[in-house]
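Here is what each chain is made of, one letter per residue.
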Amino acid sequence: MPSGESDAQSQSGASSVRYEETTKLYPGASEPAVDHLSLEVPAGEICVLVGPSGCGKTTAMRMVNRTVEITSGDVLVGERSVREREPAQLRREIGYVIQQIGLFPHRTISENIGAVPQLLGWKKERIRQRSSELLALIGLDPELGDRYPAQLSGGQQQRVGVARALAADPLVMLMDEPFGAIDPINRERLQNEFLRLQAEIQKTVLFVTHDIDEAIKMGDRIAVMREGGRVEQYATPAELLMAPANEFVEDFVGSDRALKRLALMRVSDINLWEAPLAHVGQATAEVRTKLAAPNVEIPYPLLVDSERRPLGWLSERDLDGETVPSRADSPLGPVLDRDDVMRDALADLLQGESQYAPVVDHQGRIDGVLSVEIISEFLASPDAKSDEHPAVERPHG
Amino acid sequence: MASPFLIAAGEVGGDFFHERSSGTLPCQAKETQLFCWDWARENIDRYGTPTVQHLEIVVLSIVIGFTIAFALALLAHRRHRLQSPMLVATGVLYTVPSIAFFFLLLPVTGFGRDTAIIVLSAYTLQIIYRNTILGLANVPESTKDAARGLGFTDRQILWKVELPLAIPEIIAGLRVATASTIAIATLVVLISAGGLGTEMYGSNFNFPTAILIAVAIIGLMVLAFDLLLLTVQRLTTPWRKVRPQ
């Protein structure tokens, strides 16, 4: 945050959200959409509200910023009742991301991101600065700031949607199926980016989805809901998978629970294979010796640059010469990140039709190799089924 | 026997069946010739005052018509119950034949520019009102939902989100309204309000040159206003010319 005005907004922070017997009865409806909901979301955590359509999860979420008025009970944001607040003022302190994105078509990307700061009366210069800061944070080219939403892809638009919600450093974020309309590959990418972002900004997030896999991946806590906004279980993803509270939750979570556990692990949580490395100009004889070592499971050496960033797989033919060539015969295929969720890494392997793929760290340097074999061994091991597997620790706490 | 029409006819007779330039140019005599260049050269300056009158009447009618229609549209946008009654009301005004409309108003507002402007602005209401409502209705629900959720007040949603997005439809309405107003304004000569009609419905109906010049000026006027409005639209809606990439 740029310093300057010392309003409460610039104090980076997050508030807890507490539902107290919150009830919503829509006019003309016989049953309440949300019936005496009580739930506490600790500050700085992602709480996913998940359930079949019509279970009241969106209604529950919308009562936090009063885009749905509360019939009875209360919602406290940071110990303050939302019912006492002026709705527009309240909403400016709460980030809001929706599935349809809803960017303003007539405003540039920078202006979209600066919408709430503008409402709050920030100075032009500060808004401009904040917009470019957020563009960088969501990994968009600063040049895109002058474009209009129609010129961006769906994935880029939703990144802007998230940036717009974050602009005034809200205490709480409401996200209503934010990635629901994005194609599967980009959805996975956006989910990962958001988790990375969240590790940095540590907002309190209420995240609505009907997709249990997304819930398990995104949530620090998950509230499984059914009609009437009844919470059937409120637990961490691991607890939910290991000990579903009742049949409804068990059905909703599904039978492939072992596989789902992969969604709770990062690539860095598992022991990787060591990659036989080859540098440009290195003697091929040396490389051949490496390949012959007993602990090497891969028949091909991985060509890396001087920073140990992978370039490609060397074939038998590449090793015919005296020294390692500067270009690998076989393409690299998928490259995984240490922080990738294991389930996504597996998907990438299968999609790339590869048995294994290099894993890199943040700087893109080689860390090891992940293979389908490693994953299937893990799934077959008692670890995967045991209740105390350490891998369920979430990397961002 | 003093029906409005008779009064008007008498008045009109005195006003616009005036003497055309009395000279006897060679081509004026030949009734078969479509356009008499000699006459045009000599008489072009007589179109100056009617053109200015025409412009004044059109601009005032559009400004007044737009102000009323826009206000009605905003009202109907806030109270949806009013939408249909207002559409019917402006629609009824639109269906009254223009000459009848002029003469119906004569006993109330008399001859001259005021009556002309009242009638012409009444005709613009329907199209401007309808297009404004349409433009506001076309704003995506998700855009409004996002605006509300981010903390825009209702007034801010209207002025900062809905109206800017409705500009193309509003201007489309203005373009149609302006073109038709320019055309109908040729009739206000019937109630002695001047304009280019004076030169079109002159005494000599079988002298096409005079009429063609007036028609050409009207054509240019329509074109100029259309270009002006189109330019305004381009400048106020820069986001519309971008192509998705």
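Once a new chain begins, its residue numbering starts again from 1 and follows that chain's sequence as written. Written order determines the labels here, with chains lettered from A and ligands numbered from 1. The predicted nature of this model means local features are confined to residues of pLDDT at least 70 and side-chain atom pairs, given and counted, to a pLDDT of 80 or more, with totals for whole chains, interfaces and linings taken over all residues. Side-chain metrics rest on all non-hydrogen atoms present in the structure, leaving aside hydrogens and water.

Thoughts on the overall build of chain A
Okay, step 1: Summing up its helical and strand segments, chain A has 15 helices and 16 strands in all.
Okay, step 2: A principal-axis box enclosing the C-alpha atoms of chain A has dimensions of 80 × 55 × 35 Å.
Okay, step 3: Burial status across chain A gives 54% buried among its 397 residues.
Okay, step 4: We call two residues contacting when some pair of their heavy atoms lies within 4.5 Å. The long-range share in chain A, meaning contacts at least 24 apart out of those at least 6 apart in sequence, stands at 66%.
Okay, step 5: Between the mean site of the 42 positive side-chain charges and the mean site of the 63 negative ones, chain A shows a separation of 6 Å. Labels follow the DSSP assignment, with helices taken as runs of H or I lasting at least four residues and strands as runs of E lasting at least two, numbered in each case from the N terminus. We call a residue buried when its accessible area falls under 20% of the maximum for its residue type, exposed when it is over 50%, and partly exposed in between, using a 1.4 Å probe and counting protein chains only. Counting rule applied: Lys, Arg positive; Asp, Glu negative; His and chain ends not counted. Lys charges are placed at NZ, Arg charges at CZ, Asp charges at CG and Glu charges at CD.

Focus on the overall build of chain B
Okay, step 1: Helix and strand content of chain B: eleven helices and zero strands.
Okay, step 2: A burial count over chain B gives 48% of its 245 residues as buried.
Okay, step 3: Accessibility throughout is a Shrake-Rupley quantity obtained with a 1.4 Å probe, and a residue counts as covered only by protein chains that appear here. Counting every atom, chain B has about 12500 Å² of accessible surface; 66% of that belongs to carbon and sulfur.

What about the sheet that holds strand β2 (residues 34-41) of chain A?
All names here are of chain A.
Okay, step 1: With respect to topology, four strands assemble into an open sheet ordered β2-β1-β4-β5, the strand pairing being antiparallel. Since the sheet does not close on itself, it has two edges, and those belong to β2 and β5 (80-81), each with one partner.
Okay, step 2: Pairing analysis gives two bridges linking strand β4 (residues 72-77) to β5, with the strands arranged antiparallel. When the sheet's bridge partners are listed, Val 77 is paired in β5 with Arg 80. DSSP calls a pair of strands paired once it identifies at least 2 bridges connecting them.

As for helix α5 (residues 83-95) of chain B
All names here are of chain B.
Okay, step 1: Between the first and last residue of a helix there are one fewer steps than residues, each counted as 1.5 Å, and that sum is the expected span. With 13 residues, α5 should cover 18 Å at 1.5 Å per step; its first-to-last C-alpha distance of 19 Å lies within 8% of that length.
Okay, step 2: By the burial criterion, the buried members of α5 are Met 86, Thr 90 and Gly 91. One side of α5 carries all its buried residues, which in axial view fall inside an arc of 135°. Facing away from the buried side of α5 by more than 90 degrees, the exposed set consists of Val 88 and Thr 95.
Okay, step 3: Summarising the contacts, the buried residues of α5 are in contact with α4 (48-78) and α7 (113-137). The directions considered for the arc are those from the helix axis to the C-beta atoms.

A look at the interface of chain A and chain B
Okay, step 1: Counting residues at the interface gives 26 residues for chain A, matched by 22 residues for chain B.
Okay, step 2: Between chain A and chain B lies a buried interface of about 2200 Å² when both sides are counted; carbon and sulfur atoms form 62% of it.
Okay, step 3: Note on terms: buried area is the combined drop in 1.4 Å-probe accessible area of two parts once they are placed together, counting the loss on both. Three residues stand out in chain A for area buried against chain B, namely His106(A), Leu119(A) and Gln151(A), and they jointly supply 25% of the buried area on that side.
Okay, step 4: Between Asp145(B) and Arg62(A) there is a salt bridge; the shortest N-O distance is 2.6 Å.
Okay, step 5: Polar contacts here mean pairs of N or O atoms no more than 3.5 Å apart (in protein, one a potential hydrogen donor and the other a potential acceptor; neighbouring residues in sequence count only if both atoms are side-chain atoms). Summed over the shared surface of chain A and chain B, the number is six residue pairs in polar contact (both at pLDDT 80 or more).
Okay, step 6: Looking at the side of chain A that touches chain B, the elements that each hand over two or more residues are α2 (87-92), β6 (94-98) and α4 (115-119) of chain A.
Okay, step 7: Of all the elements, α4(A) adds the most residues to the side of chain A that touches chain B, at four residues.
Okay, step 8: When residues are sorted by character, Ala, Val, Leu, Ile, Met, Phe, Trp, Tyr, Cys and Pro go into the nonpolar class, Asp, Glu, Lys and Arg into the charged class, and all the rest, Gly among them, into the polar class. Its residues assigned to classes, the side of chain A that touches chain B comprises 13 nonpolar, seven polar and six charged. One speaks of a salt bridge when a side-chain nitrogen belonging to Lys or Arg is within 4 Å of a carboxyl oxygen belonging to Asp or Glu.

Quick look at the pattern of salt bridges
Charged atoms that come close allow side chains of opposite charge to pair.
Okay, step 1: Using the criterion set out here, one finds 23 salt bridges over all chains in the structure.
Okay, step 2: Across the salt bridge formed by Glu227(A) and Arg226(A), the nearest N and O atoms sit 4.0 Å from each other.
Okay, step 3: With its nearest N and O atoms 3.7 Å apart, the salt bridge here joins Lys144(B) to Glu141(B). Here Glu141(B) and Lys144(B) lie together in helix α8 (residues 141-150), a separation of three residues that amounts to about one turn.
Okay, step 4: Of the residues examined, Glu141(B) reaches a relative accessible area of 58% and is grouped as exposed.

Some thoughts on the nonpolar core
Residues and elements named next belong to chain B.
Okay, step 1: We define a nonpolar core as any set of buried Ala, Val, Leu, Ile, Met, Phe, Trp, Tyr and Cys residues linked to one another through side-chain atoms lying within 4.5 Å. By size, the foremost hydrophobic cluster in this structure holds 49 residues, and its most contacted members are Trp 39, Tyr 47, Phe 102, Tyr 129, Val 188 and Ile 191.
Okay, step 2: Ranked by residues supplied to this core, first place goes to α7 with eleven residues.
Okay, step 3: In this structure, Tyr 129 is in contact with Ala 69, Leu 72, Ala 73, Ala 76, Leu 82, Gln 83, Met 86, Leu 87 and Thr 90, ignoring residues within four places of it in sequence.

So, the state of the cysteines
Residue and element names in this part refer to chain A.
Okay, step 1: Disulfides are defined as cysteine sulfur pairs within 2.5 Å. The final tally for this structure, using the stated rule, is zero disulfides over all chains.
Okay, step 2: The thiol of Cys 47 is not disulfide-bonded; the next cysteine sulfur, from Cys 55, is found 12 Å away.
Okay, step 3: Judged by relative accessible area, which is 0%, Cys 47 ranks as buried.

Quick notes on a negative patch on the surface
Okay, step 1: Residues Glu111(A), Asp141(A), Glu143(A) and Asp146(A) make up a contiguous surface patch of negative charge.
Okay, step 2: Look at Asp141(A) and you get partly exposed, because its relative accessible area is 41%. Patch construction takes residues with relative accessible area above 30% that form no salt bridge. Like charges are linked within 9 Å, and nonpolar side chains (Val, Leu, Ile, Met, Phe, Trp, Tyr) are linked within 5 Å.

Description of the confidence of the model for chain B
Okay, step 1: Predictor confidence is given residue by residue as pLDDT, running from a minimum of 0 to a maximum of 100. Summarising the model, chain B shows a mean pLDDT of 81, and 83% of its residues fall at 70 or more.
Okay, step 2: Note on residues 1-22 of chain B: pLDDT under 50 across the span, and 40 contacts to partners over four residues away in sequence or across chains.

Some words on the sheet that holds strand β16 (residues 366-371) of chain A
Residues and elements named next belong to chain A.
Okay, step 1: Taken in spatial order, the three strands make up an open sheet running β14-β15-β16, and their pairing is mixed. With partners counted over all chains shown, the strands left at the sheet margins are β14 (336-337) and β16, one partner each.
Okay, step 2: Relative to β16, strand β15 (residues 356-360) runs antiparallel, the two being bridged by five bridges. Bridge pairing in β16 links Val 360 to Ile 366.
Okay, step 3: To obtain each axis, a line is fitted to C-alpha atoms, and for helices this fit is confined to the stretch in contact; angles are then taken between N-to-C directions over 0 to 180 degrees. On the sheet, helix α13 (residues 342-351) packs against β14, β15 and β16 and is oriented at approximately 70° with respect to β16.

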